[in-house]
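# Descriptive analysis of the structure
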Amino acid sequence: MSEPNVPQKSPIPVEVEAGKDYWWCSCGQSKNQPFCDGSHKGSSFTPVKWTAEASGRKFFCACKHTKNPVFCDGTHKAL
């Protein structure tokens, strides 16, 4: 598996809605970060589905190297 692109080295805060599905971009190529826009097609990457249990602010990983997809775990600090 190849390495993902790093769109930015900081998390992206998103106001999420309870019960809504979100598709996190794992390849880093999407123009709609942190979410998938289909740019992974033809690669080994696939988007990760996450469903919000509650409404509120979440910090999605934008470096694509998190060990806790879909959320930021601070890995970007070591890149």
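Since this is a predicted model, take the numbers as computed values, not measurements.

This part takes up empty space enclosed by the protein. In this approach the atoms are scanned with a rolling probe the size of a water molecule, which exposes any empty space left behind. Evaluation of the coordinates by the stated rule reveals one cavity of 30 Å³ or more. Roughly 40 Å³ of volume is contained in the largest cavity. Contributing to the lining of the largest cavity are C25, S26, C27, S30, C36, D37, G38, S39, H40, F45, T46 and P47. Split by residue class, the lining of the largest cavity holds five nonpolar, six polar and one charged.

That bond from Q33 to P34 is cis: its omega, 5°, falls within 30 degrees of zero. Its place among the elements puts P34 in the loop between strand 2 (21-24) and strand 3 (48-51). In the segment running from P69 into V70, the intervening peptide bond is cis, with an omega of 25°. For V70, the position within the fold is in the segment after strand 4 (56-60). Although it is not a glycine, K64 adopts a positive phi angle of roughly 70°. Along the polypeptide, K64 turns up in the segment after strand 4. Classification of K64 as buried rests on a relative accessible area of 7%.

Of all hydrophobic cores here, the largest spans 14 residues; its most connected members are V14, V16, Y22, W50, F60 and V70. Of all the secondary structure elements, the ones that give two or more residues to this core are strand 1 (12-16) and strand 2. Here this core takes three residues from strand 1, the largest share from any one element. Not counting residues within four places of it along the chain, the set of residues in contact with Y22 comprises E15, V16, E17, F35, V48, K49, W50 and A52.

The final tally for this structure, using the stated rule, is two salt bridges. Put simply, E15 and R57 hold a salt bridge, and the shortest N to O gap is 3.1 Å. With E15 in strand 1 and R57 in strand 4, the pair connects residues that are 42 residues apart, well separated along the chain. Assigned by exposure class, E15 and R57 land together as exposed.

Basis of the calculations
All residue numbers here refer to positions counted from 1 along the written sequence of the relevant chain. Given that the model is predicted, a residue must reach a pLDDT of at least 70 before its local features are reported, and side-chain atom pairs must reach 80 or more before they are shown or counted; all residues, however, enter totals for whole chains, interfaces and linings. Values reported for side chains reflect all heavy atoms of the structure, with hydrogen atoms and water molecules removed beforehand. Definitions used throughout: a 1 Å grid over protein atoms alone; a cavity as a set of points that fits a 1.4 Å probe which cannot get out; a pocket as an open set with protein on both sides within 12 Å along at least five of seven lines; a lining residue as one with an atom within 4 Å of a point. Grid points are joined across faces, edges and corners, and a volume is the space filled by probe spheres set on the points. Classification used: nonpolar for Ala, Val, Leu, Ile, Met, Phe, Trp, Tyr, Cys and Pro, charged for Asp, Glu, Lys and Arg, polar for all others including Gly. Only DSSP runs of H or I with at least four residues qualify as helices, and only runs of E with at least two residues qualify as strands; both kinds are numbered from the N terminus onward. Burial classification: accessible surface area is computed with a 1.4 Å probe over protein chains only, and a residue below 20% of its type maximum counts as buried, one above 50% as exposed, and the rest as partly exposed. Buried Ala, Val, Leu, Ile, Met, Phe, Trp, Tyr and Cys residues form a nonpolar core when they are joined through side-chain atoms within 4.5 Å. Whether two residues are in contact is decided by their heavy atoms: any pair within 4.5 Å suffices. When a carboxyl oxygen of Asp or Glu is within 4 Å of a side-chain nitrogen of Lys or Arg, the pair counts as a salt bridge.

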